[in-house]
Amino acid sequence: MLKSNGTGNAVRNLQRLAAGMATAAARIGDTKVPMSLLEKGAYINYQRIEDNLEIVRQRLQRPLTLSEKILYGHLDDPANQDIVRGTSYLKLRPDRVACQDATAQMALLQFMSAGMDTAAVPTTVHCDHLIEAQVGGVKDLARAVEINREVYDFLATATAKYGLGFWKPGSGIIHQIILENYAFPGGLMIGTDSHTPNAGGLGMIACGVGGADAVDVMAGIPWELKCPKVIGVNLTGKIGGWTTPKDVILKVAGILTVKGGTGAIVEYKGAGVDSLSCTGMATICNMGAEIGATTSLFPYNERMGDYLRATKRSQIADYAKAFSHNLRADENAEYDQVIDINLSELEPHINGPFTPDLATPISKLAAEAKKNGWPEEVKVGLIGSCTNSSYEDMTRSADLFKQAKEAGLELKSRFTVTPGSEQVRATIERDGQIEAFESAGGVVLANACGPCIGQWDRQDVKKGEANTIVTSYNRNFTGRNDANPATHAFVTSPDIVTALAFAGTLAFNPLTDSIPTPSGKPFKFSPPSGFELPPRGYDAGENTFQAPPEDRASVQVKVDPKSDRLQLLKPFEKWDGKQPTDVPVLIKVKGKCTTDHISAGGPWLKYRGHLQNISQNCLIGAINAENGEANKVQSQIDGSWGGVPQVAAKYRDAGIKWVVIGDHNYGEGSSREHAALEPRFLGGLAIIVRSFARIHETNLKKQGMLALTFVDPADYDRIKGTDKVDIKGLDTFAPGKNLTLVVKHQDGTSEEIELAHSFNEGQIEWFKAGSALNLVRRSFIS
């Protein structure tokens with residue numbers, strides 16, 4: 001018999017027993033616990049998990065991993081759902097949806113066109129992506145509010161109209177806000193940002209998706225996910241000294257690479273877990289996006305309970321404890337792969353440049369920098385972001401600042417701090433950490449994404465000038481932070497960032513090296529110390545949350561028909577039923593092609609709500625295999641050369657479909673669905689690659705694009721950017737049935753190449769209908 005969480009049921013049952021009365025076994029669902037303190041009538045549904053798992057266990061007859069317990073506990077139809085790891089498509093019922101402002105614009109525009117008047121599940125929108133870092137938090141926020149006023153007005157009115165929670169500019173970064181207010185152990189959430197897995201630090205399966213997936217769930221339609229494999233990371237030993245939770249994921253990234261987690265959930269386990277703070281676990285899960293993982297998560301423990309209580313959610317902590325048997329893996333659960341890491345032996349790492357999986361232990365950094373010719377001078381150190389801006393992170397960094405000040409040291413690099421939320425900012429201001437940073441020349445930026453996503457008006461180097469920056473962020477692709485392709489960006493813990501900013505060079509190991517002081521005496525940092533949680537509790541700071549009004553009918557959503565930032569959507573045309581012939585290759589992409597290459601961020605963020613305008617950045621960062629250049633392709637209509645979006649539009653306007661040929665792990669990085677919407681808007685038919693990143697492949701399917709892969713990856717080399725192609729087999733398009741690509745070369749020769757796909761029956765209907773949203777709209781209209 002399950003115990004209740006002590007809210008009355010257990011006492012009443014004991015009273016009945018004492019009176020000699022029969023009593024029914026208590027059910028976990030007898031206790032009603034709100035999912036958050038900010039929403040009415042939305043309760044944690046542990047009973048569904050319990051009931052679903054009873055059915056699934058009878059069917060599978062084997063121990064379950066934690067990932068499986070939570071996923072299968074959210075199945076729409078557990079009795080009939082096909083369940084095979086790596087093969088089946090699960091239909092799931094998430095508990096909630098979260099959107100950041102850049103992606104929320106398109107998600108809300110799509111939801112508005114679906115014909116519903118309220119979201120089917122609790123949903124929030126967070127304003128964090130549109131605030132550019134320039135001079136400091138207060139001024140940067142004021143500037144952003146003025147520049148983005150029409151977008152913020154649209155989001156504020158749309159959320160009010162459709163019953164969604166709205167976090168105003170300055171609230172903080174979506175993932176930190178979720179951790180503080182909405183994440184709960186055993187929950188399932190989707191978010192329109194690739195670092196949504198941050199909530200795994202509270203034992204929640206949280207997956208980054210495109211806006212079309214979010215719209216499905218908001219519309220009450222099950223979310224579809226290919227049943228993930230499960231990678232177990234067994235942690236032993238105890239973390240301490242200079243080693244931080246960030247070093248765990250930096251190490252894992254080095255092992256698995258940027259595509260090693262694709263199609264899998266990374267599940268952490270072992271005795272070492274208990275030495276990690278809740279926010280430290282969130283850091284690890286957050287950066288799991290860099291290995292392509294579906295998500296990452298930890299089993300429930302008391303460190304999570306401590307964080308829940310500190311954020312005024314003790315009722316959830318008690319409820320999770322009562323349900324803890326289903327918030328950890330079963331004994332003898334089987335994993336598809338297991339990685340062992342001894343935290344006691346783990347060395348601090350620094351990953352990069354240009355990719356988050358190039359992992360270097362700090363003891364080898366100086367030698368690697370010299371060998372590879374990396375600029376040794378550290379121009380800027382940046383801490384914070386959604387990955388590393390917890391109170392613990394801030395207090396450890398501030399401790400190093402205090403040590404340096406006492407030794408008479410000054411910063412040798414510029415230094416910025418990005419608080420993850422208004423709550424974190426207000427608390428570290430109250431407790432003196434901000435004063436420690438600013439008194440030494442550090443600049444505290446707005447509670448927003450800022451330089452992590454390219455929202456950085458950087459002035460200290462010229463574009464094209466080789467230089468080094470060191471960050472505590474999660475992603476460091478070329479040009480990611482400052483739009484300078486020559487910037488060597490390294491990712492590490494806030495501790496190492498801080499130490500390197502005082503040393504000013506990559507040739508410094510704070511574990512062993514000293515820095516000369518003004519007095520001539522060498523100074524060596526002591527390992528940093530900090531507080532896992534604020535001893536005086538969190539200071540909530542300014543109230544920046546807008547709940548939906550009671551009367552939503554009178555709310556008018558603000559969209560100016562003449563706006564160059566917002567544009568109502570028109571449905572894509574359905575498939576004409578014809579077999580594609582003589583389709584030109586728009587571009588054959590060479591090498592890494594992330595969503596940043598396909599749909600650039602930075603200054604383009606302002607067009608995220610205007611599909612026509614943002615499509616002008618489609619694939620402008622991709623390298624053309626024909627000439628080794630970016631944004632320069634040849635039109636097969638008239639032989640002229642032009643930018644990728646311009647040539648694509650020329651084909652579209654002439655009624656000609658086109659295809660893209662891509663390399664491995666095409667579409668890795670951000671979850672931004674614009675990277676799929678733009679090719680579709682410009683008339684694209686298919687993206688044909690060696691392999692896809694998970695989220696991008698799904699996004700393409702959602703928008704009615706053909707996402708196809710070479711059966712033999714070497715066939716990529718048989719195609720030229722000047723070729724035309726036929727795609728045979730769409731008349732009998734079916735799950736597991738390959739298609740044929742007929743490649744027609746300019747010299748008149750042709751050859752056939754076999755193409756694979758991962759479309760299931762439902763996804764094939766998306767293609768035929770023109771998009772998944774077309775099917776949603778059709779169901780409501782009918």
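In this text, all values refer to a predicted model and were calculated from it rather than measured experimentally.

Quick notes on the pattern of salt bridges
- Summed over all chains, the structure comprises 42 salt bridges.
- Linking Arg475 and Glu290 is a salt bridge whose minimum nitrogen-to-oxygen distance equals 2.5 Å. One end of the pair, Arg475, is in the loop between strand E17 (467-471) and strand E18 (487-491); the other, Glu290, is in the loop between helix H10 (278-287) and strand E10 (295-297), with 185 residues separating them in the sequence.
- The class of Arg475 is buried, set by a relative accessible area of 1%.
- On the accessibility criterion, Glu290 (3% relative accessible area) is buried.
- A salt bridge links Arg425 to Glu429, with the nearest nitrogen and oxygen atoms 3.1 Å apart.

A short note on the pairing of strand E22 (residues 583-588)
- Counting buried positions along E22 gives 6 out of 6 residues, so the element sits mostly inside the fold.
- Bridge count for E22 against strand E28 (residues 724-728) is 2 bridges, and the pairing is antiparallel. Of the residues in E28, the one forming a bridge with Pro584 is Lys724.
- One ladder, built from 3 bridges, connects E22 with strand E25 (residues 658-662); its direction is parallel. Across the sheet, residue Lys588 finds its bridge partner in E25, namely Ile661.

As for the domain arrangement of the chain
- When the domains of the chain are assigned, the result is domain 1 (55-342), domain 2 (349-520) and domain 3 (583-781).
- On a C-alpha basis, the centres of domain 2 and domain 3 stand 37 Å from each other.
- Between domain 2 and domain 3, the residue contacts involve 7 residues of the former and 9 residues of the latter.
- Around 610 Å² of area is buried between domain 2 and domain 3 when both sides are counted, 54% of it from carbon and sulfur atoms.
- If you sort the residues of domain 2 by the area they bury against domain 3, Arg475, Phe477 and Arg480 come out on top, with a joint share of 61%.
- Summed over the shared surface of domain 2 and domain 3, the number is 1 salt bridge.
- The salt bridge partner of Arg480 is Asp596, with a shortest N-O separation of 3.3 Å.
- Across the contact surface, domain 2 and domain 3 share 2 residue pairs in polar contact (both at pLDDT 80 or more).
- The residue inventory of the side of domain 2 that touches domain 3, partitioned by class, reads 2 nonpolar, 3 polar and 2 charged.

With respect to the nonpolar core
- Counting residues in hydrophobic clusters, the biggest one holds 167 residues, and the most contacted among them are Tyr46, Tyr72, Leu235, Tyr268, Phe298 and Phe525.
- Excluding residues within four positions of it along the chain, Phe525 makes contact with Trp242, Leu400, Gln403, Ala404, Ala499, Phe502, Phe508, Pro510 and Ile515.
- Listed in part, the 26 residues of the second largest apolar core include Ile598, Val633, Ala648 and Ala675.

Let's talk about the UniProt feature "domain: Aconitase A/isopropylmalate dehydratase small subunit swivel" (unreviewed entry) in the chain
- The positions that UniProt labels "domain: Aconitase A/isopropylmalate dehydratase small subunit swivel" (unreviewed entry) are, in the present scheme, residues 584-711.
- Between the end C-alpha atoms of residues 584-711 the distance is 21 Å, and the span holds 27% helix and 20% strand.

Regarding unusual backbone geometry
- Here the residue pair Gly352 and Pro353 is connected by a cis peptide bond, since its omega of 5° sits within 30 degrees of zero.
- Positive phi, normally seen in glycine, also occurs at Ser385, with a value near 80°.
- Here Ser385 shows up in the loop between strand E14 (378-384) and helix H14 (391-407).

Description of the environment of Gly170
- Inspection of the secondary structure assignment puts Gly170 in the loop between strand E4 (165-167) and helix H7 (174-181).
- Linking Gly170 and Asp140, residues 30 residues apart in sequence, is a C-alpha distance of 9.9 Å.
- With residues up to four places along the chain from it excluded, the contact list for Gly170 reads Cys127, Ile131, Leu141, Glu422 and Asn447.

Topic: the sheet that holds strand E8 (residues 229-236)
- The 4 strands lie next to each other as E10-E9-E8-E11, forming an open sheet whose pairing is parallel. Pairing within the sheet leaves two strands with one partner each, and these edge strands are E10 and strand E11 (337-342). Going across the sheet, the axis of each strand differs from the next one's by a mean of 20°, ignoring polarity.
- The pairing of strand E9 (residues 264-269) with E10 spans 3 bridges and is classified as parallel. By the bridge assignment, Val266 is partnered in E10 with Ser296.
- Strands in contact with helix H9 (residues 245-256) are E8, E9 and E11; relative to E11, the strand with the most contacts, it is inclined by about 135°.

Cut-offs used in this document
Residues numbered from 1 in each chain as written. Predicted model: local features only at pLDDT ≥ 70, side-chain atom pairs only at ≥ 80, totals over all residues. Heavy atoms only, no water. Salt bridge = Lys/Arg side-chain N within 4 Å of Asp/Glu carboxyl O. Helix = DSSP H or I, 4+ residues; strand = E, 2+ residues; numbered from the N terminus. Buried < 20%, exposed > 50% of the residue type's maximum accessible area, 1.4 Å probe, protein only. Pairing = 2+ DSSP bridges. Domains from an automatic or database assignment. Contact = heavy atoms within 4.5 Å. Buried area = accessible area lost by both parts, 1.4 Å probe. Polar contact = N/O pair within 3.5 Å; in protein donor to acceptor, adjacent residues only side chain to side chain. Nonpolar A, V, L, I, M, F, W, Y, C, P; charged D, E, K, R; others polar. Core = buried A, V, L, I, M, F, W, Y, C linked by side-chain atoms within 4.5 Å. UniProt positions renumbered as here; feature names shortened; annotations may be inferred. Axes fitted to C-alpha atoms, helices over the stretch in contact; angles between N-to-C directions.

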